[in-house]
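Chains, contacts and geometry: an overview
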Amino acid sequence: MTVLAVKDLSKSFGAVHAVHGVSFSLAAGELLAMIGPNGAGKSTCFNLLNGQLAPDAGAIELDGRSIAGLAPRDIWHLGVGRTFQITATFGSMSVRENVQVALLSHRRRLWSLLPLAARHGCAEADALLARVGMLEQAERPCALLAYGDLKRVELAVALASRPRLLLMDEPTAGMAPAERDALMRLTTALARDENVAVLFTEHDMDVVFTHADRVIVLAGGALIAEGTPQAVRADTRVREIYLGGADD
Amino acid sequence: MSYASVLIQFLNGLASASSLFLIAAGLSLIFGVTRVVNFAHGSLFMLGMYLAVALAPGVGFWLAVPLAALAVGAFGAVAESLLLRRLYRAPELLQLLATFALVLVIKDFALWAWGPEDILGPRAPGLAGAVTIAGQRFPAYDLFLIALGPAVLGTLWFLLKRTRWGMLVRAATQDRDMASALGVNQKGLFTAVFGLGALLAGLGGALQIPREPATLGVDLQVISDAFVVVVVGGLGSIPGAFLAALLIGEIKSFCIGLGFSKLTLVAEFVVMAAVLVLRPWGLLGKVRAEVRGAGALEPPLRLPSRGALLGLAALFAALALLPALHAGYTLVLLTDVLLFALFAVSLHFIMGPGGLHSFGHAAYFGLGAYGAGLLVHKASASMGAALLAGPWLAALGAAAFGWFCVRLSGVYLAMLTLAFAQITWSIAFQWDAVTGGSNGIVGIWPSPWLSGKTAYYYLTLAACAAGIALLWRVCYSPFGYALRAGRDSPLRADAIGIDVRALQWAAFTFAGFFAGLAGALYAFSKGSISPETLSIPRSVDGLVMVLLGGIQTLTGPVWGAALLTWLQDAVARGVDYWRAVIGGVILALVLAFPQGAAGFLRERFAR
Amino acid sequence: MIEVRGLTAAYGRAEILFGLDFEAQAGEVLVLLGRNGAGKSTTLKTLMGLVPSRNGEVRLHGERIDGLPAHRIARCGLGYVPEDRRIFTDLTVRENLEVGRQPPRAGAEPWTPERLLRLFPSLEAMQSRLGGRMSGGEQQMLAIARSLMGNPRALLLDEPAEGLAPIVVDHLAGAIRELKAAGLCIVLSEQNLRFARRVADRACLIERGRIRASGTLEEVQPAYAR
Ligand SMILES: Nc1ncnc2c1ncn2[C@@H]1O[C@H](COP(=O)(O)OP(=O)(O)OP(=O)(O)O)[C@@H](O)[C@H]1O
Ligand SMILES: Nc1ncnc2c1ncn2[C@@H]1O[C@H](COP(=O)(O)OP(=O)(O)OP(=O)(O)O)[C@@H](O)[C@H]1O
Ligand SMILES: [Mg+2]
Ligand SMILES: [Mg+2]
């Protein structure tokens, strides 16, 4: 079942065509990796998908419904969670509270004035944190976390809405190999067990080629290759502009 | 108006634009680099005026002007290195408090050194005459000023965009720590920039002396003009400041020329509000990246411990028992303390958790007071009805103004709130038929059964304690959390479905309501209201209370309100130079407890 | 070139580093390995003077630099590339480079924007683009180039390969070897063994603010992989 269908998506910043006529689709339960050189337009693509940017042209459909041009907050309520390449968390709140706010927002409880927010959904928040391996640090304020830990908090926050589609911009950047693996296994499990569609970017080819079901390659804002990890890995164009000799 | 008089008005506008530009450029420069909103900038201008007037008889006008400017620049550099430098790592806006203390100290210094009378300056030798333009006479000196503005603009532009020093300044503006890790001595840079900004202010002041006498009131008058210019032009943009100075200078000149001088202030602020709503970053401003490496982190909000709750309950009980032991003036003072505590807590609600720095919160205090007062006065409403309805007028005002304000952030928002407060003030001040103009409204007395000091004290205690408790409680609610989330990272908040703007708007209105409640209570406790209840100094008092107590704590504003109210009461009655004393006390407190009083206590007891 | 003895550091009350000892020679690449939150970044920040050290000594080229303000340390010849890049977003690429400029050091070929653009050719086309308008990877390259403009004797790189395309990582590894050959001392924090293997001469494993093992990468690796 197709969760996300993107057609002819384009966005320019002045003279820079950051994304240009990109089309792809993504099925429930699938892990799709988007790779490409630095500046290829991957993050821009993500920003278009979650509403941070409005596309110049093209269509984005989530479960058959057009979401192009909606505000990020509306897209989230439709079931799209995302992590940022440069992490964004609520620095003055503890790790648990970050997740609790997301839970509250998901349940549309943000406008209640009297209950204590800190008592809301503690168990669920902790379950999410345990899943990403951040339970021990649940009490620490996010402003004090190490970079790799922030990435995991972001994932827990994104999962709070039980998303249909998960967008992860370089999810494992700044993590140790063991944690990278654990995180990607968790992501795979999410896709398989809960039928979440996952789109992620990554520059770590170990992660991409072990975990992705399919790979699309962006360069200069356009899609230049698409296929199974093996096929993409063998593509000469991709090797030339992106992979180099890295996988020898 | 004839063609010729339009031309003369236009030239007049250009001349005043030049001096506006000088002061605004310095303010913008200082803010851009150090992120300090320098409230004392108008005072530096005033200092420049007085120094030039004092020096001119000895060394002559043309030497007095640069000397005065240099002296003011040096003073600015010293103030930065002795005072502000220690505060860059403190919670944001604390520097504002320090510069505000400087306003008080400088004002009393000028009073002591030069006395309360206006002092006329000399004419500029060589340019004392007038030239004839289109058949009308126009001062030659003003032509000189008209030429000076662009010259200073060019120099500054060159300095910032074309020299290495300027580039380093721009880098340090964004990320102090990274700049220093690249070998840039940011301390020296900041001092130099502050000195330069102060020098420009001093120059602006000194050049003004042939046009108007040196007076003590000029500081706040100039600073609010300069704020408008800087914000309309776009913070940190020198060409923007120039354009905005032209715009504002011309508007003033034509308002006066057409005989609407009463409207000057309103026109000025309406232009500012319009520009900001259409271009939230000012005419030539850019969306600013966040500054890095500045300010202190805010700790998470923990639920209060049992001990803390007991302490507050004990305090409340003590306040409730007090009238049994003691009556008279203490109760009057405590009534003031209580309602200012509510005012400060409502301000803190939007400034702290909301991250909306309001410089014009007195508008809602005043609207509450006027709402209640007018109901009693014009509609002969009972006190109960007036007390209940007054805050709604404040909430209505806050909703109307807040709708515009939450579209902005940071200092832009602060300036817009200030502008709205000024507009409200000038309406109250000038609409004689309804508000009683500068005399205000008198004879707003409580119902007979509450007219005793003690009874009124109990009413205030109950209302304020309830209001404060509610505001605090909301901080812990989902709403309060969402508000803080929107402040910490709007990007993340938006990505998890939080409508940050709507929340902020609601919070602004909510806080406005409680400020209005404090105002309504104030009206009945004094029996009269005047435009002073919503003037800039009242807004500043609110800021001082919040910052002095500690913006990153919940109870801080209450202690701040108590301290400032008591201080003003105790000092203002007994001491000649009471402003300087209060300024000195604020400076001492700021340096000793950069986290605010409550923040300091928390640090101590967390150990 | 860099000598660290008994270095401890803390953020306020939270102690992070507990007495680190290590050293790195000119023309050598020392890799600090460690998991998330081990204290690698804190170590580098402390060396750079951005986090105050509590105790211990840091020497650069024999001179004590601990306790100096960051800009003095930078002028002594220590370059720094933080993990989050910290490009000046309102400055152009060219200006970002110029901010880093320090006088050339005797006996070494000075770095110029031209020479750096040869090292990172993809920056060539975007010299007048604003720093904030670059992709994450482009910013990373710019950050490294910027620190080289100070003609440092020693360079601190905090996870430099993070977020770079594999082909650029290749290039970066080459560049690091070039810098090493030019006599620079490089201390680099890394979690990724694959990259570490390509550049490291020696390694230290940091765990919870202490050095657990040091030696060649082969010697340290088993303790880390566990
Ligand atoms: N606001 C902007 N204005 C102008 N150009 C921009 C802007 N944002 C991004 N770009 C440019 O668009 C291109 C695509 O950027 P994007 O961030 O999408 O790259 P990316 O594929 O995510 O790269 P990386 O892997 O390095 O993160 C880059 O060349 C970047 O410089
Ligand atoms: N400003 C701060 N205040 C308090 N603690 C902090 C601060 N910054 C970092 N820490 C804590 O210091 C410890 C070490 O952090 P550091 O950033 O040095 O780790 P790291 O080894 O670089 O990790 P990563 O690989 O994830 O970047 C972590 O536990 C982190 O939470
Ligand atoms: Mg990216
Ligand atoms: Mg790190």
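So, here is what we can say about the structure in this document.

**Here's the deal with the pairing of strand β10 (residues 210-215) of chain C**
Residue and element names in this part refer to chain C.
- Bridge count between strand β9 (residues 202-207) and β10: 5 bridges; the pairing is antiparallel. Note that in β10 the partner of L205 across the bridge is A213.
- Once β9 ends, the chain turns through 2 residues before running back antiparallel as β10, passing R208 with a positive phi of about 45°.

**Quick look at the site of ligand 2**
- With respect to spatial proximity, 19 residues lie near ligand 2, and among them L144 of chain A together with G37, S41, T42 and Q191 of chain C are the closest.
- Within the backbone of A38 of chain C, a nitrogen or oxygen atom sits 3.2 Å from an oxygen atom of ligand 2.
- At 2.5 Å from an oxygen atom of ligand 2 is found a side-chain nitrogen or oxygen belonging to Q191 of chain C.
- Those elements that place two or more of their residues in the shell around ligand 2 are α5 (147-159) of chain A together with α1 (40-48) of chain C.
- When grouped by side-chain class, the residues that make up the shell around ligand 2 number 7 nonpolar, 7 polar and 5 charged.

**Details of the interface of chain A and chain B**
- Listed per partner, the contact involves 38 residues of chain A and 33 residues of chain B.
- For the pairing of chain A and chain B, the buried interface totals around 3,100 Å² over both sides, and the portion due to carbon and sulfur atoms is 66%.
- Contact with chain B buries surface across chain A, with R73, F90 and S92 of chain A losing the most and accounting together for 20% of the total.
- At the surface where chain A touches chain B, the tally comes to 3 salt bridges.
- D494 of chain B is the salt-bridge partner of R73 of chain A, the closest N and O atoms lying 3.9 Å from each other.
- There are 17 residue pairs in polar contact (both at pLDDT 80 or more) connecting chain A and chain B.
- Going through the elements one at a time, α2 (72-77), β6 (80-83), α3 (95-106) and α5 of chain A are the ones with two or more residues in the side of chain A that touches chain B.

**With respect to the interface of chain C and chain B**
- Counting from both sides, the interface comprises 25 residues of chain C and, opposite them, 23 residues of chain B.
- A combined buried area of about 2,100 Å² lies between chain C and chain B, and 52% of that area is made up of carbon and sulfur atoms.
- If you look at where chain C meets chain B, you find 2 salt bridges.
- Here E95 of chain C and R170 of chain B are joined by a salt bridge, their closest N and O atoms 2.9 Å apart.
- At the junction of chain C with chain B, the criterion picks out 9 residue pairs in polar contact (both at pLDDT 80 or more).
- Of all the secondary-structure elements, those providing two or more residues to the side of chain C that touches chain B are α2 (70-75), β6 (78-81), α3 (93-99) and α5 (136-148) of chain C.
- No other element matches the 4 residues that α2 of chain C contributes to the side of chain C that touches chain B.
- Of the residues in the side of chain C that touches chain B, the class split is 11 nonpolar, 5 polar and 9 charged.

**Observations regarding the pairing of strand β2 (residues 14-24) of chain C**
- The sheet contact formed by strand β1 (residues 2-11) of chain C and β2 of chain C spans 8 bridges and is antiparallel. For V4 of chain C, the partnering residue across the bridge sits in β2 of chain C and is F22 of chain C.

**Digging into unusual backbone geometry**
- Positive phi is not limited to glycine here, since R162 of chain A has a value of about 45°.
- By the secondary structure assignment, R162 of chain A is in the loop between α5 and β7 (165-169).
- Overall, R162 of chain A belongs to the exposed group, its relative accessible area being 66%.
- Phi at N151 of chain C takes a positive value of approximately 45°, unusual for a residue other than glycine.

**Observations regarding the sheet that holds β10 of chain C**
Residue and element names in this part refer to chain C.
- Pairing is mixed across the open sheet formed by 6 strands, whose spatial order is β6-β7-β8-β3-β9-β10. The sheet is open, and its two borders are formed by β6 and β10, each paired with just one other strand. Between one strand axis and the next, the sheet turns through 15° on average, direction left out of account.
- In the sheet, strand β3 (residues 29-33) pairs with β9 via 4 bridges, with the strands oriented parallel. The partner of L32 across the bridge, within β9, is C204.
- Against the sheet, α1 contacts β3, β6, β7 (154-158), β8 (185-190) and β9, and its axis sits at roughly 150° relative to β7.

**Some thoughts on the coordination of the magnesium ion (ligand 4)**
Residue and element names in this part refer to chain C.
- Surrounding the magnesium ion (ligand 4) are the protein donor atoms S41 (OG) and E83 (OE), at 1.8 to 2.4 Å. One end of the pair, S41, is in helix α1; the other, E83, is in the loop between β6 and α3, with 42 residues separating them in the sequence.
- Since its relative accessible area comes to 12%, S41 is described here as buried.

**Observations concerning the packing of aromatic side chains**
All names here are of chain B.
- In this structure the tally under the stated criterion is 30 aromatic pairs over all chains.
- Centre to centre, the rings of F401 and F420 are 4.3 Å apart; their planes meet at 10°, and the pair counts as stacked. Separated by 19 residues along the polypeptide, F401 in helix α15 (residues 383-405) and F420 in helix α16 (residues 410-430) bring together distant segments of the chain. Taken as a pair, F401 and F420 share a single burial class, namely buried.

**Here's the deal with helix α6 (residues 164-174) of chain B**
- Across the 11 residues that make up α6 of chain B, a large majority, 9, are buried.
- Close packing links the buried residues of α6 of chain B with α1 (3-34), α5 (140-162), α7 (176-181) and α8 (186-208) of chain B together with α3 of chain C.

**Points about the packing of α3 of chain A against helix α4 (residues 122-132) of chain A**
Residues and elements named next belong to chain A.
- It is at 9 Å that the axes of α3 and α4 come closest, and there the two elements cross at 115°. Relative to α4, α3 is oriented so that their crossing is right-handed. From α3, V95, R96, V99, Q100 and L103 reach across to α4, where they touch C122, E124, A125, D126, L128 and L129.
- For the contact of α3 with α4, the per-class residue count stands at 7 nonpolar, 1 polar and 3 charged.

**Considering a positive patch on the surface**
- Taken together, the side chains of K161, R162 and K286 of chain B together with R133 of chain C present a region of like positive charge at the surface.
- Assignment of secondary structure puts K161 of chain B in helix α5.
- Taking relative accessible area as the criterion, K161 of chain B reaches 37% and is therefore assigned partly exposed.

**Describing the coordination of the magnesium ion (ligand 3)**
Residue and element names in this part refer to chain A.
- Taken together, S43 (OG) and Q85 (OE1) make up the full set of protein donors to the magnesium ion (ligand 3), lying 2.0 to 2.1 Å away. Of this pair, S43 sits in helix α1 (residues 42-49) while Q85 sits in the loop between β6 and α3, and the two are 42 residues apart along the sequence.
- By relative accessible area, which is 22% here, S43 ends up partly exposed.
- With a relative accessible area of 13%, Q85 lands in the buried category.

Conventions used here
Residues numbered from 1 in each chain as written. Chains lettered and ligands numbered in written order. Predicted model: local features only at pLDDT ≥ 70, side-chain atom pairs only at ≥ 80, totals over all residues. Heavy atoms only, no water. Pairing = 2+ DSSP bridges. Helix = DSSP H or I, 4+ residues; strand = E, 2+ residues; numbered from the N terminus. Near = heavy atom within 4 Å. Polar contact = N/O pair within 3.5 Å; in protein donor to acceptor, adjacent residues only side chain to side chain. Nonpolar A, V, L, I, M, F, W, Y, C, P; charged D, E, K, R; others polar. Contact = heavy atoms within 4.5 Å. Buried area = accessible area lost by both parts, 1.4 Å probe. Salt bridge = Lys/Arg side-chain N within 4 Å of Asp/Glu carboxyl O. Buried < 20%, exposed > 50% of the residue type's maximum accessible area, 1.4 Å probe, protein only. Axes fitted to C-alpha atoms, helices over the stretch in contact; angles between N-to-C directions. Donors = N, O, S within 2.8 Å, 3.2 Å for Na, K, Ca; no water. Phe/Tyr/Trp six-rings, centres within 6.5 Å; stacked < 30°, edge-to-face > 60°. Left-handed = near helix turned anticlockwise from the far one by under 90°. Patch = residues over 30% accessible without salt bridge, like charges linked within 9 Å, V, L, I, M, F, W, Y side chains within 5 Å. Areas by Shrake-Rupley, 256 points an atom, 1.4 Å probe, with all protein chains shown as cover. Lys, Arg positive; Asp, Glu negative; His and termini not counted. Charge placed at Lys NZ, Arg CZ, Asp CG, Glu CD.

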